[in-house]
Amino acid sequence: MRALVQTVSRASVTVGDEVVGEIKDGLLVLVGVTHDDTAAKAAELARKTWELRILDGDRSASDEDAPVLAVSQFTLYGDACKGRRPTWNAAAPAEVAEPLITAFVEALRARGATVATGRFRAHMLVESVNVGPRTVLLEL
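Summary of the structure given here.

The rules behind each value
- Residues numbered from 1 in each chain as written.
- Predicted model: local features only at pLDDT ≥ 70, side-chain atom pairs only at ≥ 80, totals over all residues.
- Heavy atoms only, no water.
- Phe/Tyr/Trp six-rings, centres within 6.5 Å; stacked < 30°, edge-to-face > 60°.
- Helix = DSSP H or I, 4+ residues; strand = E, 2+ residues; numbered from the N terminus.
- Buried < 20%, exposed > 50% of the residue type's maximum accessible area, 1.4 Å probe, protein only.
- Salt bridge = Lys/Arg side-chain N within 4 Å of Asp/Glu carboxyl O.
- Core = buried A, V, L, I, M, F, W, Y, C linked by side-chain atoms within 4.5 Å.

## Structural notes on the packing of aromatic side chains
And step 1. What the rule picks out here adds up to one aromatic pair.
And step 2. When the ring of Phe74 is compared with that of Trp88, the centres are 5.3 Å apart and the planes differ by 80°; the resulting orientation is edge-to-face. Taken together, the positions of Phe74 in the loop between strand E3 (68-72) and helix H3 (94-110) and Trp88 in the loop between E3 and H3 put the pair 14 residues apart, joining distant regions of the chain.
And step 3. On the basis of relative accessibility, which here comes to 36%, the residue Trp88 falls in the partly exposed class.

## Here's the deal with the pattern of salt bridges
And step 1. For the structure on display, the rule yields ten salt bridges.
And step 2. For the salt bridge of Arg47 with Glu51, the shortest nitrogen-to-oxygen distance reads 2.8 Å. In this pair, Arg47 and Glu51 both sit in helix H1 (residues 39-51), four residues apart, roughly one turn of the helix.
And step 3. Measuring nitrogen to oxygen at the nearest pair gives 2.8 Å for the salt bridge that ties Arg134 to Asp56. With a gap of 78 residues between them, Arg134 in strand E5 (residues 124-139) and Asp56 in the loop between H1 and helix H2 (61-64) connect regions that are remote in the sequence.
And step 4. By relative accessible area, which is 23% here, Arg134 ends up partly exposed.
And step 5. Taking relative accessible area as the criterion, Asp56 reaches 54% and is therefore assigned exposed.
And step 6. Taken together, the shared-partner salt bridges connect Glu44, Arg47, Glu51 and Arg111 into one network.

## Some details on the nonpolar core
And step 1. With 30 residues, the main nonpolar core has Val5, Leu27, Val29, Phe104 and Leu108 as its most contacted residues.
And step 2. The element best represented in this core is H3, accounting for eight residues.
And step 3. Core analysis: the second largest hydrophobic core is formed by twelve residues, Val8, Ile23, Leu76 and Ala116 among them.

The analysis is restricted to geometry; functional conclusions fall outside its scope.
And the structure:
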């Protein structure tokens, strides 16, 4: 699994005309799943995300009780090494990825996080105002 973690002053996900998830002063986390990922990896990635000391003063979301907006992002496993058109072969199919994205979100919530989400398999508009900017790629 991969997670691209960004500090944001605000972030939201819109599907159609509906805002389906939004946060202020927290983390926007784009999450990608590959074929051999497991619920255990999802839980570990959630722990690392929640405890990542990326906020001001070397603090974590868990220290600050900062909210998280988690958005599934299969394109984190895109590969453009052979040209200009990326392949998505390393991304897990939706049937595998969706339960693991759900497990990631549930693991964050079990740690006490307030988590908003996008909508799986929907065309989403993701807006964010990055702080810093600070961005970290976590991978398991």
